[in-house]
Amino acid sequence: MYAPGPAAPSPLGAFLGRTFRGDWAGAARAALWPVGLLLISAVALAIPSYGQDDDVVIGFGDRMQIALAVLLQALGGGFEAKTATGSRYADGGWSDFGTELGGVGQLSLIPLTVTALWIVALIVGARLMRTRIAARGPQSPTAGLEAAVRVALLVTGAVLLTGLFARPTVAGAVKVSSSPVLAALGALLLGLAVAGGVLHRDDLAQWLAARPAARAVVRATGTALRALTVVLALCSVVAFVCVVRWDNAVHGSDYEGSDGSLLLVTLFLLPNLAVMALGLSWGAPVEAEGTGSSPFGGGYEREAFGLGELGDVVNDWAVVGALALGLVSALVVGVMAARRSADRREQMTAAGVFFVLFLLLAGIGGFSAEAGGGTSDGSGYGSDYGSGYGSGFDGGYGSDYGSSGLGSGGDFGWWGTSDGVAGSVQVGLSLTEALLFGLLWVFVAAFLAPYLMRMAGARTQLVAPPVPPVPAGAPTGHLPFRTQVSDQTRTQALPEVPSVPPVPGSRRRTLVWVVTILVAFLVGGGAAAGVIVWQDHRSGGGSDKGAGQPRSAPTADRESGSSSPDAEPGDDITAAAEVPGGYHRLNDPLGFSFAVPEVWTRENVENGTQVTYAGPTGMEHIKVGVIADAGYTSYENFLALEETAAKKDDDYQRVELEENTFQGHTGALWEYTYTDESGRTVHAADQSYVADDGTEYAIMIVGRDDIWESGVADTFRVALETWQTE
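Summary of the structure given here. Worth saying up front: this structure is predicted, and the values here are computed from it rather than measured. (Residues numbered from 1 in each chain as written. Predicted model: local features only at pLDDT ≥ 70, side-chain atom pairs only at ≥ 80, totals over all residues. Heavy atoms only, no water.)

**Points about the packing of aromatic side chains**
For the structure shown, the criterion picks out 16 aromatic pairs. Ring centres of Phe 662 and Tyr 689 lie 5.0 Å apart, and the angle between their planes is 35°; this geometry places the pair in the tilted category. Residue Phe 662 is located in strand 17 (residues 653-662), and its partner Tyr 689 is located in strand 19 (residues 681-690); the two are separated by 27 residues in the primary sequence. Exposure class is identical for Phe 662 and Tyr 689. Each is buried. Arranged with centres 6.0 Å apart and planes meeting at 70°, the rings of Tyr 697 and Trp 723 form a pair that is edge-to-face. Here Trp 723 lies in the loop between helix 19 (708-721) and strand 21 (724-725) and Tyr 697 lies in strand 20 (residues 696-704), a separation of 26 residues in the sequence. (Phe/Tyr/Trp six-rings, centres within 6.5 Å; stacked < 30°, edge-to-face > 60°. Helix = DSSP H or I, 4+ residues; strand = E, 2+ residues; numbered from the N terminus. Buried < 20%, exposed > 50% of the residue type's maximum accessible area, 1.4 Å probe, protein only.)

**Comments concerning the packing of helix 4 (residues 112-135) against helix 6 (residues 180-199)**
Between helix 4 and helix 6, the least distance of the axes is 9 Å, while the angle of their chain directions is 45°. Taken together, the axes of helix 4 and helix 6 are oblique relative to one another. As for the relative orientation of helix 4 and helix 6, their crossing is right-handed in sense. Of the residues in helix 6, those in contact with Trp 118, Ile 119, Leu 122, Ile 123, Ala 126, Arg 127, Met 129, Arg 130 and Ile 133 of helix 4 are Ala 187, Leu 190, Gly 191, Val 194, Ala 195, Val 198 and Leu 199. For the contact of helix 4 with helix 6, the residue count by class is 13 nonpolar, one polar and two charged. (Axes fitted to C-alpha atoms, helices over the stretch in contact; angles between N-to-C directions. Parallel < 35°, antiparallel > 145°, perpendicular 65-115°, else oblique. Left-handed = near helix turned anticlockwise from the far one by under 90°. Contact = heavy atoms within 4.5 Å. Nonpolar A, V, L, I, M, F, W, Y, C, P; charged D, E, K, R; others polar.)

**Examining helix 15 (residues 431-456)**
The terminal C-alpha atoms of helix 15 lie 35 Å apart, and with 26 residues this matches the ideal 38 Å at 1.5 Å per residue to within 8%. Where helix 15 bends most, the angle comes to about 35°, and this point is Leu 448, followed within four residues by the proline Pro 450. Gly 457 sits one or two positions beyond helix 15 and adopts a positive phi of about 95°. (Expected span 1.5 Å × (residues − 1). Bend = angle between axes of the 7 residues up to and from the residue.)

**Comments concerning the sheet that holds strand 21**
If you walk across this open sheet you meet the three strands as 12-13-21, and the pairing is antiparallel. Either end of the sheet is taken by a strand with one partner, and the two such strands are strand 12 (583-588) and strand 21. Looking at chain direction, strand 12 and strand 13 (residues 592-597) are connected through six bridges and run antiparallel. Across the sheet, residue Asp 588 finds its bridge partner in strand 13, namely Phe 592. Lying on the sheet, helix 19 is in contact with strand 12 and strand 13; it crosses strand 13 at an angle near 155°. (Pairing = 2+ DSSP bridges.)

Encoded structure:
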């Protein structure tokens, strides 16, 4: 008998073993990017003297350590300053006390600029490491995750050491702490998430491909992040310009007396200011709350700075500008969500994610500070305030508090106890009003954006185009896409109308609408503005609902098919070709696949059998239809459709209508042009064929005639050459 061999390690043990035996040098190079960013930023923040002039109390080294402590708050660290044990202020301004002072101060401030730059630096390092991993050839399936763990551990260790270093003692009297453990924990979580997403991206994409709902949520989240980036960039520019103008007004145009420290700090807090500017422009005020207590009393004060206060401090035009900023920001969110979403559900999901992210940034984008302290004996108060308050203060308060808190030494009674001095201040957006007004602006804009895009001539699948009336004498049989009316009767859909730019006159109507909405937002503001815009759309949108749509389009239903524009009648298009560069293959749940340009995506499904594929801009699109048990030939169907098209529009022109053979099946090609309502010539081509099981497949492309030869025809050719069915 043989002794049993060693037991195989568990999957987790094997994963950890590969992780710790992996490439630590590559991980160190990736981790160097975010760590180096922190160090460089600390040096930059330490350069200004911050008004110390010739009498420098806090030197460059101390300023750098303090800057590191502040920067680590971007990763979840804290900032605390307290007096050193035994420190005495027996000279200078504190000679009246002549006794030991004790106190603690805490600052809570997350510099979002540093957080964003730290994440970007980590992404750069992780991408470089991913390139090196790919160059090594085949790896284990979890190689990306293993590398991500190594990078996260190195980043965490570096942040922990940085936090331990960022604990200076200033002037021998004040100790600064940065909560290094909390900062390291935040770095670990962010490092795992960011590095894991970059290094394990391909496997994550495969996982999402099998889960359409999760993929839609991820797409919506990506859209929300892009919109948030654009909006915060816009608000950051506005906020920075305002700070520069204010600094200019204080120090003069030549900035005499200014060392630039305000502008430098502004850059590190620019996203924080941008979030406040966005909230203010949407009607949520910036609030400041202060509390204080001492042996002699206490108090509470709250101030709010909203649009009304902005008008009082500056002028009414400042309010107009703020509301315009809010309107533009809301429309950016709505338009980006409408352009990048496949349907209303995904669009509203993107708007909801943006709203949640806005509230999150509003909650963490402010700052708060707390401080408290006292003296080590009560007689000091008598010596300082005896002349002002008389003997009663010196004798009464001095003896009372000398025996209770302050006279006992060591217990300074801060944070609001009856025998200490304490205070706190908090500044940030009002979350209640940010919730109310942000909800209104974001979702009203998301609701209106598709209609505004339609009026402006932009293509969107979120709002259905108007359906043309049924022409008199229209043929009733053998259209490729049908709606079953009864068991004995079959009818078919009318030709669907391709999206095209509006007529020139609609530009003026669009301008009128935009100005109307702008005035409604500016005058009403907040909730009233949202209601006005909604009512305006509901009551007045009908007259222009067809703006930008073609007249009764002399085209076949988009769900009919067509052939390659280069195919001659009778050509036999057979095997599917390989996907050329610049294209990607899309596999449709309806049982077919073909190649489209890389920027094109599957947008929506109509009637359960009609699928649209299009890019982010332009009217060009491909529509595919699948009809079971067609019961007719594609050529017969096209002849009937052409008869209807010719009756509906005199501008219809046939380019080609011939029978052909498509991948071994009998089919037909129909290519034609017509003029839309704006006077633009539209070019369309349909390839349709009936498979062996009686199912008709129709592939139709619609585009502008002036770019047909330069691009649209090639897109259609590639689609047909790469067409496959299950």
